[in-house]
Amino acid sequence: MIGLLQRVREARVTVDGEIIGEIQTGLLVLVGVQKEDTEQRAERLVQRLLGYRVFPDETGRMNRSLVDIEGGLLLVPQFTLPAETRKGTRPGFSTAAPPEEGHRLFHFVLEQARKQYPHVASGRFGADMQVALINDGPVTFWLET
């Protein structure tokens, strides 16, 4: 499972002109589900997202987690994230989970995050979403479980 996390000052997801998910300071995470992903990998991704130390402490070092700062977590399903891009000029999607499994595991991640943390918003699986953000840093990390 892939989580492309971006430290943000604010972020929101809009579908058909309606804001469906929005946070202030926190993490915007694009979530990609690969064929071999499991619920165990999904749970590990949630643990890492909540505990990953990417926010500055009083000395400016990245030493504080999302939980430490009580920031927002915006999870956005991203089917194209696990694309095969090593050759050719067009992405291949043979490494991505089938849509039904991607939907199931994305919602599992969302459910687990909401059980463990109170400040969770999300995009909508399969929707044509517009994502707006103010990147902070920028600080961006690729997490894979």
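Residues numbered from 1 in each chain as written. Predicted model: local features only at pLDDT ≥ 70, side-chain atom pairs only at ≥ 80, totals over all residues. Heavy atoms only, no water.

*Asks:* Provide a residue-level description of the overall build of the protein, including the pertinent values.
*Replies:* Secondary structure assignment for the protein yields three helices and eight strands. In the protein, the succession of helices and strands from N to C terminus is β-β-β-α-β-β-α-β-α-β-β. Taken over C-alpha atoms, the radius of gyration comes to 15 Å for the protein, in line with the 15 Å a tight globule of 145 residues would show. On the principal axes, the C-alpha backbone points of the protein span a range of 45 × 35 × 35 Å. Expressed as a percentage of the 145 residues in the protein, the buried residues total 43%. Of the contacts formed within the protein by residues at least 6 apart in sequence, a portion of 71% connects residues at least 24 apart. Carbon and sulfur atoms form 46% of the exposed surface of the protein, whose accessible area is close to 8000 Å². (Helix = DSSP H or I, 4+ residues; strand = E, 2+ residues; numbered from the N terminus. Rg over C-alpha atoms; globule rule 2.2 N^0.38 Å. Buried < 20%, exposed > 50% of the residue type's maximum accessible area, 1.4 Å probe, protein only. Contact = heavy atoms within 4.5 Å. Areas by Shrake-Rupley, 256 points an atom, 1.4 Å probe, with all protein chains shown as cover.)

*Asks:* Give me the lowdown on the environment of Phe125, citing residues and values where you can.
*Replies:* Within the secondary structure, Phe125 is located in the loop between β7 (120-122) and β8 (129-144). On the accessibility criterion, Phe125 (26% relative accessible area) is partly exposed. In the structure, Phe125 is positioned 46 residues away from Phe79 in sequence and 8.8 Å away in space, judged by C-alpha atoms. Setting aside residues up to four positions removed in sequence, Phe125 forms contacts with Pro77, Pro99, Gly102, His103, Phe106 and His107.

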